There are 4 protein chains.
Amino acid sequence: MISAGIIGATGYAGVELVRILLRHSEVSKLYISSVSFEGQNITDIYPNLAGQLAGKTDGVLLTADDVKQKSDIIFTALPNGLAEEYADYCVKNGKKLVDLSADFRFNLDEATFKKWYKADWKFPAVHKESVYGLPEMNRERIKKARIIGNPGCFVTSATLGLLPALKSHIVKTDTIIVDSKSGVTGAGRNPTMTNQFCECGESFSPYKVGAHRHQPEIAKNCTVAAGEPVGIVFTPHLLPMSRGIISTMYAPLADDFAEKLAGKSMEDASAAVRAMYKDFYKNEPFVRVLAAGVNPTTRVVRYSNFCDVQVYIVNDGTMLEVVSALDNMVKGAAGQAVQNMNLMFGFKESAGIDFIPPAF
Amino acid sequence: MISAGIIGATGYAGVELVRILLRHSEVSKLYISSVSFEGQNITDIYPNLAGQLAGKTDGVLLTADDVKQKSDIIFTALPNGLAEEYADYCVKNGKKLVDLSADFRFNLDEATFKKWYKADWKFPAVHKESVYGLPEMNRERIKKARIIGNPGCFVTSATLGLLPALKSHIVKTDTIIVDSKSGVTGAGRNPTMTNQFCECGESFSPYKVGAHRHQPEIAKNCTVAAGEPVGIVFTPHLLPMSRGIISTMYAPLADDFAEKLAGKSMEDASAAVRAMYKDFYKNEPFVRVLAAGVNPTTRVVRYSNFCDVQVYIVNDGTMLEVVSALDNMVKGAAGQAVQNMNLMFGFKESAGIDFIPPAF
Amino acid sequence: MISAGIIGATGYAGVELVRILLRHSEVSKLYISSVSFEGQNITDIYPNLAGQLAGKTDGVLLTADDVKQKSDIIFTALPNGLAEEYADYCVKNGKKLVDLSADFRFNLDEATFKKWYKADWKFPAVHKESVYGLPEMNRERIKKARIIGNPGCFVTSATLGLLPALKSHIVKTDTIIVDSKSGVTGAGRNPTMTNQFCECGESFSPYKVGAHRHQPEIAKNCTVAAGEPVGIVFTPHLLPMSRGIISTMYAPLADDFAEKLAGKSMEDASAAVRAMYKDFYKNEPFVRVLAAGVNPTTRVVRYSNFCDVQVYIVNDGTMLEVVSALDNMVKGAAGQAVQNMNLMFGFKESAGIDFIPPAF
Amino acid sequence: MISAGIIGATGYAGVELVRILLRHSEVSKLYISSVSFEGQNITDIYPNLAGQLAGKTDGVLLTADDVKQKSDIIFTALPNGLAEEYADYCVKNGKKLVDLSADFRFNLDEATFKKWYKADWKFPAVHKESVYGLPEMNRERIKKARIIGNPGCFVTSATLGLLPALKSHIVKTDTIIVDSKSGVTGAGRNPTMTNQFCECGESFSPYKVGAHRHQPEIAKNCTVAAGEPVGIVFTPHLLPMSRGIISTMYAPLADDFAEKLAGKSMEDASAAVRAMYKDFYKNEPFVRVLAAGVNPTTRVVRYSNFCDVQVYIVNDGTMLEVVSALDNMVKGAAGQAVQNMNLMFGFKESAGIDFIPPAF
């Protein structure tokens with residue numbers, strides 16, 4: 001049994017962590033902080049939690065300093081650029097940290113971070129300790145890590161959809177298109193005009209075309225997987241719903257692989273790739289490669305830690321199309337963070353996050 | 001550890017039962033049936049369940065006969081009028097049954113059932129065994145019962161909102177208004193014009209004004225609680241959302257109680273009644289009387305077994321206004337059914353249904 | 001042809017006025033102002049208007065002073081308390097004004113305004129000029145008025161639902177219950193936590209129970225209609241949709257009228273009252289009393305100036321239940337304001353507002 | 001003034017035609033038919049139309065034969081495969097027809113129609129009379145046509161987005177990706193499981209990947225525009241909202257054009273292409289090329305006949321990304337059909353369809 005701290009507990013990712021950890025069988029104490037609501041009780045801000053604190057916390061929002069001192073593991077769910085000092089503290093004090101911001105998503109590549117996030121690193125040393133927390137790529141390293149950079153939500157959906165294809169070199173790597181669509185929780189809790197019900201409800205649009213910060217992170221993951229540079233064109237869109245991400249991805253087949261498929265119907269070619277994907281993910285607890293004829297659907301993964309994946313061969317056998325779906329607040333944020341915690345502490349990997357997605 | 005059967009497992013209440021029982025620590029085996037999908041696997045109809053069957057079922061939809069024979073407890077989630085024969089079987093074979101239809105909601109009052117449901121009883125004897133499954137009214141009797149009539153969704157919200165006031169005789173009983181609003185899951189899974197996205201989405205309207213079958217059930221519960229006939233005017237409305245019910249209720253204060261409150265501000269008068277409600281429900285695991293200033297909100301109870309209640313004194317101290325909120329598929333259907341099962345078998349009352357409602 | 005000005009053109013009611021007046025055949029010039037966006041072009045804030053200005057305006061947001069000087073009629077769509085000075089200016093300069101705030105909704109009853117809106121009147125004289133702009137109550141007076149207080153959105157729905165019953169004295173007046181539900185546009189455009197998609201979407205709750213400012217305005221209208229004091233219990237709720245209001249209202253029948261209905265079925269009794277309503281509204285262009293069996297539905301009046309009304313006799317012939325539906329931004333705000341303008345200038349009453357509500 | 005007939009008036013496209021034509025200044029009489037509701041009044045099926053028939057129709061749903069005989073122009077809004085006989089009738093009787101199905105979308109290419117729609121042509125001769133009704137491609141031919149094949153909804157959005165690029169040969173033509181997202185009205189009015197509120201609400205998923213019938217129609221249009229074969233990979237997705245389509249499209253730049261852009265920032269390169277697009281569409285009444293920084297948004301074109309387009313150069317100057325938005329029921333169906341009628345009869349092209357999209 002461990003004590004866990006959440007710094008930034010009243011944002012959407014933060015409060016989702018609270019909800020998960022309150023029911024986690026290996027967490028006995030929970031410490032929470034919030035700059036905006038320090039000293040208040042979290043049940044006043046989130047009345048859904050009323051009566052649910054289960055003896056793990058009294059609900060009072062502490063200072064970040066209090067939280068970091070009392071916790072065996074710290075989750076930082078803060079704006080980008082604020083996690084380094086907590087990571088440094090953890091490294092120096094034998095504690096562990098999972099950061100849900102972008103601060104530790106680029107390992108030692110400060111230049112890329114700087115270019116996209118317009119900020120320097122203040123504690124360069126601590127980045128050497130960090131591991132990118134996508135269990136399907138880095139499980140063994142996560143187990144030994146002290147500092148985890150929890151992946152971006154779009155990035156998780158894109159990477160899990162492309163990983164088997166890239167590792168097996170069945171697609172060309174110069175230009176892969178990632179057309180993603182996210183629910184509104186992805187924008188966080190602070191009120192903005194864009195996220196007002198009457199502005200984004202019953203509507204749909206792209207945003208930050210060619211300029212979203214998850215592009216370099218997807219490209220980095222794909223490059224690692226392929227062992228060569230991968231070009232990514234990434235377009236996010238805002239869906240009129242709360243939770244969920246779908247990424248629809250288009251990658252031209254490598255010539256030799258296309259030749260292997262030559263003569264097959266699109267159904268048979270798709271089945272061949274699907275079998276490869278199923279084999280690749282056969283031991284993964286949270287990736288489901290769907291049966292033929294079933295499309296990934298955000299409703300079907302909502303409130304769960306699953307990423308559902310489907311593959312198609314299209315365009316007369318020249319292109320792989322992959323669709324992946326996940327809940328951006330669970331596998332795309334808080335659930336994956338707890339999955340990382342489970343790995344770091346040797347708990348059962350699915351402890352506390354084995355939610356069955358509701359049918360509706 | 002018991003085996004549980006669900007007859008009608010592919011309707012919305014049925015599949016919600018499946019989801020809950022798959023994670024219930026006291027249920028080791030689950031048997032499921034569906035007339036519409038017999039022989040198919042439930043994961044084909046509900047892909048959210050893929051990989052989640054946890055060794056309790058292989059997912060195959062059996063016949064109802066198979067299910068009834070293999071199960072220690074049977075949940076019937078069928079159209080009205082079909083549960084009696086299963087109840088008869090259970091009584092004769094020492095099994096237990098929770099029926100989610102209206103068949104056992106009127107105890108021995110066949111006349112009212114007949115008037116509103118246009119059907120006769122075929123097994124009159126079995127009704128003598130039945131107990132109305134609202135734990136907050138009938139906990140001790142439920143514990144000993146073999147046949148439970150699980151309450152209607154609107155009815156649960158209305159009854160829990162009015163129960164303390166009626167039991168303490170602080171309101172007049174001739175005409176209490178129950179203005180209720182329900183999400184679309186309340187209408188079940190069969191496709192209808194009314195429930196098409198483009199018909200009910202971004203829209204709102206009442207239905208079955210003065211003619212909804214939950215009216216006599218609410219009136220019956222209120223009459224039992226008050227010990228005298230209670231008149232109920234009930235209007236259901238359809239909300240453009242999936243889950244949740246709010247009932248807003250208006251009951252004129254009894255003269256003697258209004259006199260007691262005379263001179264108080266509306267805030268103080270409301271606080272006095274709120275204190276009574278808090279005391280009444282102080283040992284209830286699933287009713288939360290909210291703090292002053294907090295209104296019941298369906299989002300805050302969604303995916304949980306809670307019913308949140310708030311009370312106000314309005315109209316210059318002459319009227320009690322009560323607002324209650326619950327998830328129609330959990331406390332209003334499957335969750336309450338499992339709560340009843342827990343009571344019948346002596347399990348912890350909250351076993352398998354202690355969900356924390358998500359913040360969003 | 002006249003010139004029209006909108007002060008506060010970038011709020012939701014303001015921009016709805018812009019949309020309507022751009023197509024109004026009697027308005028040749030449109031002048032618009034906005035404190036928040038002065039000097040900007042309205043098409044930058046509302047890209048839906050791009051290319052639609054039709055030669056009536058260049059889209060530049062002027063100062064309020066500019067607007068008031070150039071316009072024959074001024075629409076003030078401002079926060080409460082700011083319209084008086086424009087009304088004073090109009091009276092002194094022979095112009096007309098329709099105010100969409102609460103400033104002129106209480107005629108000479110400053111005390112009620114002060115109690116509910118916590119503000120004094122700065123130009124008491126101008127209130128003598130004002131007429132309450134509900135055409136169905138005050139058509140003839142509106143035609144001659146210079147200053148119009150445009151009714152509140154909830155108020156319009158409640159008043160139109162109760163007016164025939166009160167004028168014909170068929171209901172008791174001590175306590176009428178108005179249970180109202182509104183779309184999110186009712187809260188205006190400024191971003192707030194409450195109106196964030198992830199907070200109010202897929203959710204429902206009451207607000208300001210017993211304390212909403214539309215209560216005294218409904219009571220005032222009903223009192224005028226009945227010729228005696230009418231008690232109103234009013235509860236607003238927030239719907240997870242953009243546009244539309246439904247008010248469900250409960251009024252006990254007057255004893256003599258209940259006696260007249262005695263012996264009739266509820267259907268026949270309802271039909272009798274429906275016939276009265278149909279007769280009362282037979283010359284009204286924007287009130288539709290629905291046929292038996294058809295319930296008011298917000299979708300069916302959306303984007304139109306209609307108020308749909310249905311009536312029922314319930315509770316064994318002792319109570320009138322009325323349901324009314326309207327679009328809160330049209331008949332509940334901008335559409336009604338233009339209807340008032342049409343009356344004041346002798347235009348066809350439906351000019352510019354004869355929208356057919358879309359089916360979906 | 002002409003008389004217009006709608007065969008299939010109670011489907012979603014049909015009733016949208018009714019709404020538009022009831023307010024069309026050049027249409028004096030409207031005749032409507034429906035197989036499902038023959039003999040009933042359309043206001044019983046669509047209560048939004050109550051009181052709106054404006055002397056153009058009494059609302060009675062006639063037989064198709066009645067409609068065709070009484071009308072100068074016939075709109076067929078029927079399932080695929082049923083329009084030919086009406087077209088034949090029109091050709092023989094000097095009438096005009098706009099068909100909203102796929103029957104006349106492939107001109108003389110029966111093979112493609114047969115492959116994708118699994119049906120033969122019964123009246124081959126009549127296809128020679130037909131013109132594909134996309135005014136931005138075929139305006140002059142439409143003016144002289146008697147039979148119009150009204151384009152598919154996805155197809156209109158994709159074609160208008162790609163047309164300027166293909167006509168000016170700035171993109172490669174082997175593989176263009178069209179990732180489209182549609183509101184639920186696209187699926188029509190018949191109740192299905194997929195379109196139930198609780199199934200598609202708060203959810204998102206692709207469908208018919210690599211197999212949607214709009215793919216060959218998009219490819220055909222693009223091929224005509226480019227003057228050489230164009231390969232299209234098309235993926236439709238279902239949005240949790242009623243109206244609107246966004247297509248996000250990815251086309252690799254032609255080498256010579258990429259060279260021309262070399263050295264420019266992505267902003268400048270995008271601006272150069274945007275200027276080309278603005279020039280291309282400068283005389284089009286219903287295509288708006290948006291200013292830099294403004295993204296197409298379905299809400300902004302809802303209830304209007306506009307198609308909004310934005311262009312980007314991405315992927316280090318090697319790829320054109322185009323986003324287009326339209327209302328699938330207006331520019332994607334009924335509005336475009338009326339635009340075609342206007343052209344055929346020499347009316348003002350925007351007559352009856354110059355709707356300002358509402359802000360919300």
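Provided above is the structure to which this section pertains.
**Student:** What exactly am I supposed to notice about the relation of the copies chain A and chain B here?
**Tutor:** Two copies of the chain are present, and they differ by a rotation about an axis and a shift along that axis. Once chain A has been moved 0.0 Å along the axis and rotated by 180 degrees, it coincides with chain B to within an RMSD of 0.0 Å. The two molecules are tied by a two-fold rotation axis, judged by turn and shift. Within chain A, E202 of chain A has its C-alpha nearest the rotation axis, a separation of 4.2 Å. Take the interface residues of chain A: 100% of them recur as interface residues in chain B, which is what a same-surface contact looks like.

**Student:** What is the right way to look at helix 10 (residues 214-226) of chain A in this model?
**Tutor:** All names here are of chain A. With 13 residues, helix 10 ought to run about 18 Å at 1.5 Å a step, and its terminal C-alpha atoms sit 18 Å apart, in line with that. Those residues of helix 10 not exposed but buried are H214, Q215, P216, E217, I218, A219, K220, N221, C222, A225 and A226. Downstream of helix 10 by a residue or two, G227 has a phi angle that is positive, lying close to 75 degrees.

**Student:** What is the right way to read helix 1 (residues 12-22) of chain A from this model?
**Tutor:** One full turn of an α-helix is made of 3.6 residues, so residues set three or four places apart face in the same direction. Within helix 1 of chain A, eleven of the eleven residues are buried, which leaves it mostly tucked inside the rest of the structure. For helix 1 of chain A, the complete set of buried residues consists of Y12, A13, G14, V15, E16, L17, V18, R19, I20, L21 and L22 of chain A. The secondary structure elements touched by the buried residues of helix 1 of chain A are strand 1 (2-7), strand 2 (27-33), helix 2 (42-45), strand 3 (73-76) and helix 14 (330-345) of chain A together with helix 9 (197-200) of chain C.

**Student:** Explain the interface of chain D and chain A here, please?
**Tutor:** Buried accessible area, meaning the area lost when the parts come together, often serves as the stated size of an interface. Listed by partner, the interface residues are 40 residues for chain D and 40 residues for chain A. Between chain D and chain A, a total of about 3200 Å² is buried, with carbon and sulfur atoms accounting for 57% of that surface. Area buried by chain D at its contact with chain A is led by E202, F204 and V209 of chain D, which between them contribute 19% of it. The interface formed by chain D and chain A holds six salt bridges in total. The partner of D179 of chain A in a salt bridge is K181 of chain D, and the shortest N-O contact between them spans 3.0 Å. Inspection of the chain D/chain A interface yields 26 residue pairs in polar contact (both at pLDDT 80 or more). Where the side of chain D that touches chain A is concerned, the elements lending two or more residues are strand 7 (176-182), helix 9 (197-200), strand 8 (205-206), strand 9 (232-238), strand 10 (245-252), helix 13 (298-301), strand 12 (307-314) and strand 13 (319-326) of chain D. Of all the elements, strand 9 of chain D adds the most residues to the side of chain D that touches chain A, at four residues.

**Student:** How should the packing of aromatic side chains be read in this particular structure?
**Tutor:** Where two aromatic rings form a pair, the distance of their centres and the angle of their planes describe that pair. For the coordinates displayed, the defined rule picks out 40 aromatic pairs over all chains. Consider the rings of F154 of chain A and F234 of chain A, whose centres lie 5.2 Å apart with planes at 70 degrees: the pair is edge-to-face. Of this pair, F154 of chain A sits in helix 8 (residues 153-167) while F234 of chain A is found in strand 9 (residues 232-238), placing the two residues 80 residues apart along the sequence. An aromatic cluster is built from F106, F113, Y117 and W121 of chain A, whose rings are joined through pairwise contacts. Sitting above the plane of the F345 of chain C ring, K96 of chain C keeps its charged end 5.4 Å from the centroid.

**Student:** So what exactly am I meant to see when it comes to the sheet that holds strand 11 (residues 287-289) of chain D here?
**Tutor:** For sheets, the rule is that strands pair by backbone hydrogen bonds, running either parallel or antiparallel. Residues and elements named next belong to chain D. The sheet built from seven strands is open, its strands ordered 8-9-7-10-13-12-11 with mixed pairing. Each of the sheet's edge strands pairs with one partner strand only, and the pair in question is strand 8 and strand 11. Pairing of strand 8 with strand 9 involves two bridges; the strand directions are antiparallel. Residue pairing in the sheet places S205 in a bridge with L238 of strand 9. Across the sheet, helix 12 (residues 266-280) lies against strand 11, strand 12 and strand 13, angled at about 145 degrees from strand 12, the strand it touches most.

**Student:** Honestly, the interface of chain A and chain B in this entry has me stumped. Any pointers?
**Tutor:** Each partner contributes to the interface: chain A provides 30 residues, whereas chain B provides 30 residues. Overall, the association of chain A and chain B removes approximately 2600 Å² of surface from exposure, summing both partners, and the carbon and sulfur fraction of that is 65%. Broken down residue by residue, the surface that chain A buries against chain B is led by N48, I356 and F360 of chain A, which jointly contribute 31%. Our enumeration of links across chain A and chain B arrives at 14 residue pairs in polar contact (both at pLDDT 80 or more). In terms of residues, the side of chain A that touches chain B owes the most to one element, helix 1 of chain A, which gives five residues. For the side of chain A that touches chain B, the per-class residue count stands at 19 nonpolar, three polar and eight charged.

Rules and cut-offs
Residues numbered from 1 in each chain as written. Chains lettered and ligands numbered in written order. Predicted model: local features only at pLDDT ≥ 70, side-chain atom pairs only at ≥ 80, totals over all residues. Heavy atoms only, no water. Least-squares fit on C-alpha atoms with pLDDT ≥ 70 in both. Contact = heavy atoms within 4.5 Å. Helix = DSSP H or I, 4+ residues; strand = E, 2+ residues; numbered from the N terminus. Expected span 1.5 Å × (residues − 1). Buried < 20%, exposed > 50% of the residue type's maximum accessible area, 1.4 Å probe, protein only. Buried area = accessible area lost by both parts, 1.4 Å probe. Salt bridge = Lys/Arg side-chain N within 4 Å of Asp/Glu carboxyl O. Polar contact = N/O pair within 3.5 Å; in protein donor to acceptor, adjacent residues only side chain to side chain. Phe/Tyr/Trp six-rings, centres within 6.5 Å; stacked < 30°, edge-to-face > 60°. Lys NZ or Arg CZ within 6 Å of the ring centre and 35° of its normal. Pairing = 2+ DSSP bridges. Axes fitted to C-alpha atoms, helices over the stretch in contact; angles between N-to-C directions. Nonpolar A, V, L, I, M, F, W, Y, C, P; charged D, E, K, R; others polar.

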